[in-house]
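# What the coordinates show
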Amino acid sequence: MKITRSAVRLRLIAVFAALALVVAACGSDDAEPESTPATTAAQAQTTTTAAMTEEAPAEETMEEPAEEAPAEETMMEERVLTIGVPGDIETLDPCCANFIRAHEALLMVYDVPVIHPIVEQNGAMVGDADNLLPRYFESWEEHDDGLTFTIKVREGMTFDDGTPITAETVRFMIDRNLNTPGGGAWLLTNIAFVTKPPTVIDEYTLELVSDRRSPMVMQSFYMSSSAAVDPNVVAANATEDDPWATEYMARNADNPSGPYRLVSRTPDEEVVFEARDNYWGGRPAYDRIIWKIIPSPAERVQLLKAGVIDLAVGLGTEEFNALDGSEGVKVVRAPSKNMAYVGMNNSIAPFDDVAVRQAVSYGVDYDDILENVYKGDARRLHGAIPNGSAVSLGAEVGYTQDVAKAQELLGSSSYDGGTVTLSIDSAKAEHQLIAVRVQSALREIGMDIEIETLQSPVFAERKVGKQLQMFVDELLAWIDDPNYQLSLTLESGVFGNYADYSNARVDEIITDGWAEQDPAARRAIFEEAQRLISEDAPWVFLAQPDFKFALREDVDGFVLYPNAIPRFADLYPAG
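In what follows, the accompanying structure is described.

Cut-offs applied
- Residues numbered from 1 in each chain as written.
- Predicted model: local features only at pLDDT ≥ 70, side-chain atom pairs only at ≥ 80, totals over all residues.
- Heavy atoms only, no water.
- Disulfide = S-S within 2.5 Å.
- Core = buried A, V, L, I, M, F, W, Y, C linked by side-chain atoms within 4.5 Å.
- Buried < 20%, exposed > 50% of the residue type's maximum accessible area, 1.4 Å probe, protein only.
- Contact = heavy atoms within 4.5 Å.
- Helix = DSSP H or I, 4+ residues; strand = E, 2+ residues; numbered from the N terminus.
- Polar contact = N/O pair within 3.5 Å; in protein donor to acceptor, adjacent residues only side chain to side chain.
- Pairing = 2+ DSSP bridges.

Moving on, we get to the state of the cysteines. Inspection of every chain in the model, using the stated rule, returns one disulfide. With its sulfur 2.4 Å from that of its partner, Cys 95 forms a disulfide with Cys 96. Here the disulfide of Cys 95 and Cys 96 is left-handed, its torsion about the S-S bond being about -80°.

By size, the foremost hydrophobic cluster in this structure holds 113 residues, and its most contacted members are Phe 221, Phe 273, Ile 289, Trp 291 and Phe 568. Other than its neighbours up to four places away in sequence, Phe 568 contacts Ile 83, Glu 104, Met 108, Ile 289, Trp 291, Leu 311, Val 313 and Phe 549. Counting 36 residues, the second-largest nonpolar core is a separate cluster that includes Ala 359, Tyr 366, Val 373 and Ile 434.

Along the chain, Arg 135 falls in the loop between β5 (133-134) and β6 (137-142). In terms of polar contacts, Arg 135 uses its side chain to reach the side chain of Tyr 279, at 3.3 Å.

Quick look at the sheet that holds strand β1 (residues 80-85) now. One open sheet holds the seven strands; their spatial order is β10-β11-β12-β1-β13-β21-β14, and the pairing between them is mixed. The outermost strands of the open sheet, each flanked by one partner alone, are β10 (260-266) and β14 (329-334). Where β14 meets strand β21 (residues 547-552), six bridges bridge the pair, whose relative direction is antiparallel. Residue pairing across strands places Val 329 opposite Arg 552, the latter belonging to β21.

Below, the structure written as structure tokens:
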């Protein structure tokens, strides 16, 4: 009989469970073995999660030893997915999650209102950024005024304890987001232009009103900040100083609305999620999903190769190279809109001179970076809107290497020959490789570059404070829309404008773009914005690295969504 790696793991689970029963039998009177229901998990993927199959009936205990074999078979049916992640969950509060681990966890334990439909692109399954499908919003209707939306909540959905999810749940979620200092409030007020809670019409209907038009009202509900949280849990843990229970919610995920519940967490070591039987979308394919927190990417690679973990999260180019040819491992690749760039602080000399910024843009060897940093797993980025976005001008804008032109521009600029500091994040191996190549290329045009390597917290603090003269960074806009993209990074004075770029006409286009409903007119103004930004050269637009994800060959169902946050709950066994 052929025994697969999955079968070996399942047998090990049975052995460990049997040992646990022995320990429990020898322990105190109140020690009880953990029950493990037997299920047959569905393998077909849907736009929500794997389809549910009925729980297998429990086997009766047989008096004769020969009849005990079915107990082992029942135990073997438990399906466990083990994921190696680089760090722990920063917060479990949907209102205030700002980092990837938190979003990954939240999408397992809470449901969100809408999702992007799945399409095939270059052999990979991706979320279609231009369309939305309902999740716990069953439907929505935009009124003629462009400000009012009637939203229907899907009936029959419940929290883990059976409490119904209703229009009041949505009203509470929006009210809480508006009154807490996190990403949820920012999305509502700056993207959807919603500043007050919706009105409940009936048990499953509500009316939402924006202050002004936005093409992204429903898109804003795609994020984990719009998760359905139980108002009763918040009320039970609120205090006078913390009326929205943010301190409690940051550490707990009680009564989840999503496909899994969080059952145990050992800080900086392990997080365990358990499938919900009563999830509206059906019981997910894996009975348990276990996160192993493994800071070292090299160790995650070795454990993936050995089959100890099923997925390895957060790998870089070097680690993916180490996985080439590994038996039993596959790497999912998909084109990404992630943008790698060199920021030049437009308020710090010499980059307060546009001629210097243009000289640098002509001086960089883009082909060298694509070939020797990304090894062909990236596309060239030409401007402020990435390739693949609906209004992107692609190669119609931007710079290619022209050393003579770069030298001419630099010679006629205000640059005095002083050393320029190029800062990088020590945790980003690719950024170090980029910095070395930028340093070499700019030396050829007459600019002296000193590379400064900073620890991640220091790099982030100085970047946000707009204190870095020149830096390597990446950006992935979680909503694929030019308004969102530019208002996040290149509008005057906004938080994410780390290069401190400012152009009054670009600001005007961003403002006008929110209300512009005609697709042709909207395209025209954002094409103008791209040309203006290219001329101003606030960044050196380098590359769009492909998204890559490493997992065992017996795991399927991975989808690359626009925000590149994996939805582990949707994975299922291959075959």
